[in-house]
Structures are given as structure tokens and as C-alpha cells.
Amino acid sequence: MVFAVVALVFIAFAIAITIRPANVIALAVSVYAFEQWAQANAGYFARNAAIINYGFGVLCLYAILCAVMRGRNPLNPITPAMWTWFALFTFAAVSCLWSIDRDLSIFLFKYNLPYVVTFVGMMPFVIQDREDLNKAMLMSLLFG
């Protein structure tokens, strides 16, 4: 039952992303809660905790691909939101240098790097204008 729900959610988001690539933001907002639900209800997802994250990463890449296929250049224009996300990422990386336990801080940064790359590196590329952000937030309200 849980496998069917997880599959249906990912298929539904693949269709929603095909319609509007920024809909991946709705999954980004609630992917951790969805992952916790799947892990609590199926031992497979508890043992293989990263599988939902890999699926989310694939959907993020698919959203960028859909945006490009629609003739939108994710790098043009580089929005202030993108600069803000990149500034926060840089601040997080530099913060490891003045940490009390630098080795632990760098380890944790490397451990979380795939999540950071997904949220900081790929998410801003799917938002091209204010309408994308409005629709993505509406979708997150409906999904969440």
C-alpha cells in the first residue's frame, strides 16, 4: 500500500512538473514529511532512507529539463532569489571554517551536500518569474 502511494505521488508530481516545472517546489516543501511518513509505514523505506531523496533529485533534474525544453534559459535572468540562495550556501560553507569543531563541521557539510545541491543548486533554476513562484506555492498548499 505504501509503495503504491509513493509511486502515485511521484507520478503525479512528474505530470505536474511537465505542466509547470516550478511545481517541483511543492514537493521540496514537503519531501521530508513525506519521507518520514513512508519510513514510518514501510520497513523498506526505513532501511533504504535515501530512495525517496533520489527520486526527488530525479524530479528536480526533470523539472530543469522541462524548463529548458519550454525554451526557458534557467541562467537567464539570474534572479535576486538565486543570488540569495547562493549567498546562503556560501555562508554555510564558510561557516565551517570558524566552527569550534572544524572536522565535524566539514564532515556534516559533506554529508548534507547532496541535499544542499538539490535545494540550493537546482531549485532556483525552475523559477523564472513571479507567476512560477505563485503557482508553486499554491501547489504546495494543495499537496501539503
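Residues numbered from 1 in each chain as written. Predicted model: local features only at pLDDT ≥ 70, side-chain atom pairs only at ≥ 80, totals over all residues. Heavy atoms only, no water.

Undergrad: Please give an account of helix α6 (residues 102-122) that cites residues and values.
TA: Of all the bends in α6, the greatest reaches close to 55° and is centred on L113; the proline P114 follows between one and four positions later. Residues of α6 that are buried in the fold lie against α2 (24-41), α4 (51-69) and α5 (80-95). (Bend = angle between axes of the 7 residues up to and from the residue. Helix = DSSP H or I, 4+ residues; strand = E, 2+ residues; numbered from the N terminus. Contact = heavy atoms within 4.5 Å.)

Undergrad: So what about the packing of α2 against helix α7 (residues 130-143)? Which residues, and what values?
TA: In the contact formed by α2 and α7, the axes pass within 7 Å of each other and the chain directions differ by 45°. By the angle class used here, α2 and α7 are oblique. Like other packed secondary-structure pairs, α2 and α7 cross with a definite hand, here right-handed. Contacts between α2 and α7 involve I25, A26, L27, V29 and S30 from the first element and A136, M137, M139, S140 and F143 from the second. Considered class by class, the residues forming the contact of α2 with α7 number eight nonpolar, two polar and no charged. (Axes fitted to C-alpha atoms, helices over the stretch in contact; angles between N-to-C directions. Parallel < 35°, antiparallel > 145°, perpendicular 65-115°, else oblique. Left-handed = near helix turned anticlockwise from the far one by under 90°. Nonpolar A, V, L, I, M, F, W, Y, C, P; charged D, E, K, R; others polar.)

Undergrad: Requested: an account of a nonpolar patch on the surface, with residues and values cited.
TA: A surface patch of nonpolar side chains, about 440 Å² in accessible area, is lined by F91, V94, L97 and W98. By secondary structure assignment, the location of F91 is in helix α5. For F91, a relative accessible area of 51% translates into the label exposed. (Patch = residues over 30% accessible without salt bridge, like charges linked within 9 Å, V, L, I, M, F, W, Y side chains within 5 Å. Areas by Shrake-Rupley, 256 points an atom, 1.4 Å probe, with all protein chains shown as cover. Salt bridge = Lys/Arg side-chain N within 4 Å of Asp/Glu carboxyl O. Buried < 20%, exposed > 50% of the residue type's maximum accessible area, 1.4 Å probe, protein only.)

Undergrad: Residues and numbers for the packing of aromatic side chains, please.
TA: Following the criterion strictly, the structure yields ten aromatic pairs and no others. Geometrically, the ring pair formed by F10 and F34 is edge-to-face, given 6.2 Å between the ring centres and 65° between the ring planes. In this pair, F10 is assigned in helix α1 (residues 2-19) and F34 in helix α2, connecting sequence segments 24 residues apart. Of the two residues, F10 and F34, both sit in the buried class. Measuring from centroid to centroid gives 5.5 Å for Y44 and F45, while their planes differ by 75°, and the two rings are edge-to-face. For Y44, a relative accessible area of 33% translates into the label partly exposed. Within the aromatic cluster, the residues linked to one another by ring pairs are Y32, F56, Y115 and F119. (Phe/Tyr/Trp six-rings, centres within 6.5 Å; stacked < 30°, edge-to-face > 60°.)

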